[in-house]
Amino acid sequence: MIGSGGYPYYGIMKIPKILLYLLFAAPGILAAHPHMGFTAAMEFEFSGDKMKGVWQEWRFDPFFSGSIRGSYDWNGDGRFDLDETEAVFAGAFANLKNYDFFIFYRTGGKTLVPERVERFSVWMEGNTMVYRFFVPLEVKDREIFLSVFDRTYFCAITYADPPAVTSGTTNLAPQYRRRENRDNPVYYNPLSPADDNTRYDRWAPGLETAYPEELHVTF
Amino acid sequence: MKPPTPKSFMSHSKAALLCLLFFIPCSPAGANPFLSGSSSSEGAAVQPQPVRPPVLQGPGELGALQMKIRNRLAEIFVPSGQATPALRAALLLTALAYGFLHALGPGHRKTVVFTLFLSRKTRWWEPAAAGFLSAGAHGGMGIFLILLLRMLNPLSLLQDTENASRYLEGGTYLALALVGTVFLAGALKQLIRGEHRHHHDGGNHGAGTVARGSRGIYLTVLTASLFPCPGSILILLFSLSLGEIGWGILAVLFLSLGMGVTITGAALLARTGREGLFRRLGAREKGAARLSAALESGAYLFLVGFSLWMAAPFALSLFPAG
C-alpha cells in the first residue's frame, strides 16, 4: 500500500509545499517583477486661481540611469547637451506616449490621460538621472486626483516625500494628500500585447484591476 | 510520522496541475516602456513589437525587495580604484541573491521548464541541469549581445539591445512552437499506436528508459532561453558606464546562478508532482502508461499553443498591414 512501511515519500513531499509557496502560492509576494524604478516628485503650476498643469520630476534608479548615461552622454562629460537631450527624449522617453506617460488623472468625474508633455529636460545628480517635463492638465473642478502608475509593472514607481509642491503665481494654498482610492481603480487587460494602450472605463471579464496610489489635490 | 494517504498523493498531483495553470501566464520579461525598440538605422521598415507582457504582477513585497537589493547592488558596484575585496565579494553575493529573487517573478522560462518536467520522466539531477542551463543561456545571451552590439555601434547600444531583445524573445517563442510541434507529433504517434514507454516510478528502471524520456528537454530549454534577461542587460550597461565590464560580466554570471536555483525549483516541483502521480498509479501499469502518453501529448500541445499565443504580437508586427 502506498505510504506504508516507513515509506519516505511523505518527507519528500514537504519540499514541494515550500516551493509551492515560494513560486506560486503567495500572489502578494511573487507578483511584482519590476526591472527598473523611479521616484516621482510633482510640482503643480498655478496661474491665479487656475491650475495649468504639473511638472513631473522623475529620479531613476542607478542602473537605468547608468544605461542612459552610457548610451546618450556621447562626449562623456556627465551632462546632456541639447543634441543628447533630444536623443534621450526620442530614444528613452517618447515611447511612453503609448503608456499615457504613466499618468492618470480624474477631474469633473472623468478619468483622463495627458495627450502630450512639454519642456522635457534630463540631467544627472551623481549616479541618479533625472527627467523633468511639464504635463498640461484640463482641470474642470476645484480638485484633481492624479496618479503616476505603470500598468505593465515594468517600473516600480514611488512618490517623493513630500510628493508635491506648488509653483506659479497664485494666492491659493493647495492641499496635497496621498491615498489609495478603492472606488476608482485602473482596469487593464493583462493578456494584451505591450503596445495595446486601450483604456477601460469599467471592469469587464478578463480585465485586471489595480488601485494605484493617487495624489488628491484640492485648491 | 503519519504516512500520507493515497488521497494526499492525488492532492499533490492536482496541486501540480494547478501550478501549471499558475505558470501559464508567467513567461516573458516584458518590454521597457521607455524604449521604442526601433532600430538605430533611420527608416527601418519593421518595428518589432515585444511579446505579450507578464500577467501575474503587482506591487508586492517581492518587487520592493528586488528594488532594494538592486539599488544596493548599484551602491557597492564601484570603480576598481575604490573597490576592496570585501566589496567585490559583496557585489557577487548580492547579484546571486538578486538573481534568485528576480526569477521568482514572472518570466525566465519557468513555464517551459515546468511543462517539460511534467511531460517526461527524468533523472533526479536533471531539474538542476535544465534549470542552470536555462539561466546560463538567459544570462549568457545578455553578455554576448552587449559585447557584440557594443563592438558594432556603441552609440546606440541601448536601442539596439532593446531591438535585438525583441527579435530574440519573439524568435525563441516561435522556435519553441516549432520544436514543440515536432515533439507533439512524436508523442501523438506513440499515443495512437500504443507504443508509449511504461512508467514504473516505484520500480526498477533501466537508464535507457529515462534517457529516452529526457531526450529533447535540453534542446527545448536552450531554444527557449536564448534571449537576454533585462536584469542582466541593465547590470552590463551600468558596468559599461563605470568602465567595469569585466565585473559586470561576473555579476551577471552570479545573477544567472541565482536564477538557476529558482528555475530548478520549478522543474523539481513538476518532477516531484509527476513522480507522485505515477507512484500512485504504479500498480496499474496500463493506466499509468496511457496517462503518461496523454500527459506528454497534453504538455506539448500546451507548449505549442502557449508559445504561439505569446509570440503573436511579435510575429504579426513583422508583417505590417499595407
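Residues numbered from 1 in each chain as written. Chains lettered and ligands numbered in written order. Predicted model: local features only at pLDDT ≥ 70, side-chain atom pairs only at ≥ 80, totals over all residues. Heavy atoms only, no water.

Trainee: An account of the overall build of chain A is needed here, citing residue identities and associated values.
Mentor: Each helix and strand counted, chain A has 4 helices and 12 strands in total. Within chain A, buried positions represent 51% of all 219 residues. Sequence separation of 24 or more characterises 67% of the internal contacts of chain A that already satisfy a separation of 6 or more. (Helix = DSSP H or I, 4+ residues; strand = E, 2+ residues; numbered from the N terminus. Buried < 20%, exposed > 50% of the residue type's maximum accessible area, 1.4 Å probe, protein only. Contact = heavy atoms within 4.5 Å.)

Trainee: Outline the overall build of chain B, supporting the account with residue identities and numerical values.
Mentor: In terms of helices and strands, chain B carries 11 helices and 0 strands. Secondary structure of chain B in N-to-C order comes out as α-α-α-α-α-α-α-α-α-α-α. When the 322 residues of chain B are sorted by exposure, 57% land in the buried category. Restricting the contact set of chain B to residue pairs at least 6 apart, pairs at least 24 apart contribute 85%. Summed over its atoms, the accessible surface of chain B is roughly 12,700 Å², and 69% of this surface lies on carbon and sulfur atoms. (Areas by Shrake-Rupley, 256 points an atom, 1.4 Å probe, with all protein chains shown as cover.)

Trainee: Give a detailed account of the packing of helix 5 (residues 126–152) of chain B against helix 6 (residues 157–193) of chain B, specifying residues and quantitative values.
Mentor: Residues and elements named next belong to chain B. Where helix 5 meets helix 6, the closest approach of the two axes is 10 Å, and the angle between their N-to-C directions is 135°. Here helix 6 runs oblique to helix 5, going by the angle between their axes. As for how helix 5 packs across helix 6, the hand of that crossing is right-handed. Residues M141, L145, I146, L149 and R150 of helix 5 form the contact with helix 6, whose own contacting residues are L157, D160, T161, A164, S165 and L168. In terms of residue class, the contact of helix 5 with helix 6 is made up of 7 nonpolar, 2 polar and 2 charged. (Axes fitted to C-alpha atoms, helices over the stretch in contact; angles between N-to-C directions. Parallel < 35°, antiparallel > 145°, perpendicular 65-115°, else oblique. Left-handed = near helix turned anticlockwise from the far one by under 90°. Nonpolar A, V, L, I, M, F, W, Y, C, P; charged D, E, K, R; others polar.)

Trainee: Any details on unusual backbone geometry? Residues and values, ideally.
Mentor: All names here are of chain A. D161 connects to P162 through a cis peptide bond whose omega is 0°. The phi dihedral of F101 falls on the positive side, at around 55°, and the residue is not glycine. Looking at the secondary structure, you find F101 in the loop between helix 4 (82–92) and strand 3 (103–107). Given the relative accessible area of 5%, F101 is considered buried.

Trainee: Give me the lowdown on the nonpolar core, citing residues and values where you can.
Mentor: Of all hydrophobic cores here, the largest spans 105 residues; its most connected members are F44, W58, I68 and Y131 of chain A together with F34 of chain B. Of all hydrophobic cores here, the second largest spans 7 residues; its members include V113, F149, V186 and A210 of chain A. (Core = buried A, V, L, I, M, F, W, Y, C linked by side-chain atoms within 4.5 Å.)

Trainee: Provide a residue-level description of a nonpolar patch on the surface, including the pertinent values.
Mentor: Together, F100, F132, L257 and V261 of chain B line one region of the surface with nonpolar side chains, adding up to about 310 Å² of accessible area. Along the polypeptide, F132 of chain B turns up in helix 5. (Patch = residues over 30% accessible without salt bridge, like charges linked within 9 Å, V, L, I, M, F, W, Y side chains within 5 Å. Salt bridge = Lys/Arg side-chain N within 4 Å of Asp/Glu carboxyl O.)

Trainee: Got a sec to walk through the packing of aromatic side chains? Specific residues and values, please.
Mentor: As enumerated under the stated definition, the model contains 33 aromatic pairs over all chains in all. Between W58 of chain A and F133 of chain A, the aromatic rings sit 4.9 Å apart at their centres with planes inclined by 85°, giving edge-to-face as the arrangement. Of the two residues, W58 of chain A is situated in strand 2 (residues 50–60) and F133 of chain A in strand 6 (residues 128–136); the sequence distance between them amounts to 75 residues. The class of F133 of chain A is buried, set by a relative accessible area of 0%. Taking the centre distance of 5.8 Å and the plane angle of 70° together, the rings of F77 of chain B and F238 of chain B count as edge-to-face. (Phe/Tyr/Trp six-rings, centres within 6.5 Å; stacked < 30°, edge-to-face > 60°.)

Trainee: For the confidence of the model for chain A, give the residues involved together with the corresponding values.
Mentor: In this model, chain A carries a mean pLDDT of 80, and residues with pLDDT of at least 70 account for 81%. Within the model, pLDDT remains below 50 along residues 1–32 of chain A, and this stretch shows 71 contacts once partners closer than five positions in the same chain are excluded. (pLDDT = per-residue confidence, 0-100.)

Trainee: I'd like to hear about the side chain of R166 of chain B, residue by residue, with values.
Mentor: By the element assignment, R166 of chain B lies in helix 6. Only 3.4 Å separates the side chain of R166 of chain B from the backbone oxygen of L35 of chain B, close enough to count as a polar contact. (Polar contact = N/O pair within 3.5 Å; in protein donor to acceptor, adjacent residues only side chain to side chain.)

Trainee: Please provide a residue-by-residue account of the environment of A210 of chain A, values included.
Mentor: Residue and element names in this part refer to chain A. By secondary structure assignment, the location of A210 is in strand 11 (residues 208–210). Counting along the chain gives 45 residues from A210 to V165, while the straight-line C-alpha distance between them is 26 Å. With near-sequence residues (within four places) excluded, A210 lies in contact with F149, Y153, P185, V186 and Y188.

Trainee: Could you give an account of the pattern of salt bridges, with specific residues and numbers?
Mentor: Residues and elements named next belong to chain A. Within this structure, the stated rule accounts for 15 salt bridges over all chains. Across the pair E43 and R132 runs a salt bridge whose closest N-O atoms are separated by 3.4 Å. With E43 in strand 1 (residues 36–47) and R132 in strand 6, this residue pair connects regions lying 89 residues apart in the sequence. Ionic pairing is found between R116 and E118, a salt bridge with its closest N-O pair at 2.8 Å. When its relative accessible area of 47% is taken as the criterion, R116 is described as partly exposed.

Trainee: An account of the state of the cysteines is requested, with residue identities and associated values reported.
Mentor: Counting across every chain of the model gives 0 disulfides over all chains. Left without a disulfide partner, C155 of chain A is nearest to the cysteine sulfur of C229 of chain B, which lies 15 Å away. Judged by relative accessible area, C155 of chain A falls into the buried class, the value being 5%. Judged by relative accessible area, C229 of chain B falls into the buried class, the value being 0%. (Disulfide = S-S within 2.5 Å.)

Trainee: Mind laying out the sheet that holds strand 2 of chain A, listing which residues take part and the relevant values?
Mentor: Residue and element names in this part refer to chain A. The strand order 5-6-2-1-8 describes an open sheet built from 5 strands, whose pairing is mixed. Every interior strand has two partners, whereas the edge strands, strand 5 (118–125) and strand 8 (155–169), have only one. Across the sheet, the mean angle separating the axes of adjacent strands is 20° when strand polarity is ignored. Pairing of strand 1 with strand 8 involves 11 bridges; the strand directions are parallel. For E43, the partnering residue across the bridge sits in strand 8 and is V165. Set on the sheet, helix 3 (residues 62–72) makes contact with strand 1, strand 2, strand 5 and strand 6; between it and strand 6 the angle comes to about 85°. Each of strand 5 and strand 6 is contacted by helix 4, which is oriented at about 105° to strand 5, the strand it contacts most. (Pairing = 2+ DSSP bridges.)

Trainee: Requested: an account of the sheet that holds strand 9 (residues 175–180) of chain A, with residues and values cited.
Mentor: Residues and elements named next belong to chain A. The sheet built from 5 strands is open, its strands ordered 4-3-7-12-9 with antiparallel pairing. For this open sheet the edge positions go to strand 4 (110–112) and strand 9, each flanked by a neighbour on one side alone. Ignoring strand direction, the axes of neighbouring strands in this sheet form an average angle of 25°. Pairing of strand 3 with strand 4 involves 3 bridges; the strand directions are antiparallel.

Trainee: For the environment of L318 of chain B, give the residues involved together with the corresponding values.
Mentor: Residue and element names in this part refer to chain B. Residue placement: L318 occurs in the segment after helix 11 (285–317). Relative accessible area serves as the criterion here: at 24%, L318 is assigned to the partly exposed category. Put simply, L318 and I192 are 126 residues apart on the chain and 37 Å apart in space, counted from C-alpha to C-alpha.

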